[in-house]
Amino acid sequence: MRETALTARQVNITYGAGTAAVPALRDVSLTFSPGCLALVMGPSGSGKTTLLSVLGCMLLPDQGDVHVRGQSVRALDEQRRGDLRRQNIGYVFQAFRLFRALSALDNVVLALDVAGESGRRARARAEEGLAAVGMAAKARLKPHELSGGEKQRVAIARALVNDPPIVLADEPTASLDWRAGEEIAIMLLRIAKERGKLVVVVTHDPRMTPFGQRIVKMEDGRVIEDMEAR
């Protein structure tokens, strides 16, 4: 039986109430396995980012449930959901979300500090993480000294430094030039294939399409197509 990393079961979310109610997700059911780069695509307002928030345990569905490595999210209180999120999920964002006053290295160390690890070991692990994404030589630079692609590499190192089995990325190439965007797409695919992680990417960027091993298309809060690349 194929291992499951992440599952959404009949997830529904509605924003607003009464005549102002807007369905964001409608009966979405998806199962994701490790070692796969899955793309979630669709027009603006199709529910992509809401789905990512639900899969990332940041938003509870109105109906339905999400299971992270077999654990029901709905069955947990807020603190244990936070623990589940920290232990299992790394995040990559379009806007990088790096602290401007910190070096690339310290931005990665911060993720380890949040997880309870500090000191020399944390710095050594952060240095290894930056080296893995080709940023060892720029570890001491601050975000304003880095290109967009370099910032995203630091963000990916930060997302991976605690070795989560799941990586969720929200439009990770949208603000990058063509070459940098393609490099990030290649890197995310490599993370999935070589490190056996589930990588789920919300994107409207056509550069990502050739690298997706699975493509989920959404429209009006529904999954309208779910296919594995040949």
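Everything below is about the structure shown above.
For clarity, every value in this text was computed on a predicted model and none was experimentally measured. (Residues numbered from 1 in each chain as written. Predicted model: local features only at pLDDT ≥ 70, side-chain atom pairs only at ≥ 80, totals over all residues. Heavy atoms only, no water.)

A. Seen up close, the packing of helix H5 (residues 148-160) against helix H6 (residues 178-195). Taken N-terminus to C-terminus, the directions of H5 and H6 make an angle of 20 degrees; their axes are 10 Å apart at the nearest point. Taken as axis vectors, H5 and H6 run roughly parallel relative to one another. Of the two possible hands of crossing, H5 and H6 adopt the one that is right-handed. Residues Gly149, Gln152, Arg153, Ile156 and Leu160 of H5 form the contact with H6, whose participating residues are Ala180, Glu183, Ile184, Met187, Leu188, Ile191 and Arg195. Residues of the contact of H5 with H6, tallied by class, amount to seven nonpolar, two polar and three charged. (Axes fitted to C-alpha atoms, helices over the stretch in contact; angles between N-to-C directions. Helix = DSSP H or I, 4+ residues; strand = E, 2+ residues; numbered from the N terminus. Parallel < 35°, antiparallel > 145°, perpendicular 65-115°, else oblique. Left-handed = near helix turned anticlockwise from the far one by under 90°. Contact = heavy atoms within 4.5 Å. Nonpolar A, V, L, I, M, F, W, Y, C, P; charged D, E, K, R; others polar.)

B. Structural view of helix H4 (residues 119-132). In this model, H4 (14 residues) spans 20 Å end to end at C-alpha, consistent with the 20 Å of a helix rising 1.5 Å per residue. All of the buried residues along H4 are Ala122, Ala126, Gly129 and Leu130. An end-on view of H4 places all buried positions within 95 degrees of arc, on one side of the element. Seen from the buried face of H4, the exposed residues on the opposite side, beyond 90 degrees, are Arg120, Arg121, Glu128 and Ala132. Elements in contact with the buried residues of H4: helix H3 (104-114) and H5. A positive backbone phi angle near 75 degrees is found at Gly134, which sits one or two residues after H4. (Expected span 1.5 Å × (residues − 1). Buried < 20%, exposed > 50% of the residue type's maximum accessible area, 1.4 Å probe, protein only. Arc of directions from axis to C-beta.)

C. Geometry of the sheet that holds strand S10 (residues 222-228). With mixed pairing, six strands are arranged side by side in an open sheet as S6-S7-S8-S3-S9-S10. Edge positions in the sheet fall to strand S6 (89-93) and S10, since each of these pairs with one other strand and no more. Within this sheet the neighbouring strands show an average axis-to-axis angle of 15 degrees, counted without direction. Bridge analysis of strand S3 (residues 37-41) against strand S8 (residues 198-202) gives four bridges, and the strand direction is parallel. (Pairing = 2+ DSSP bridges.)

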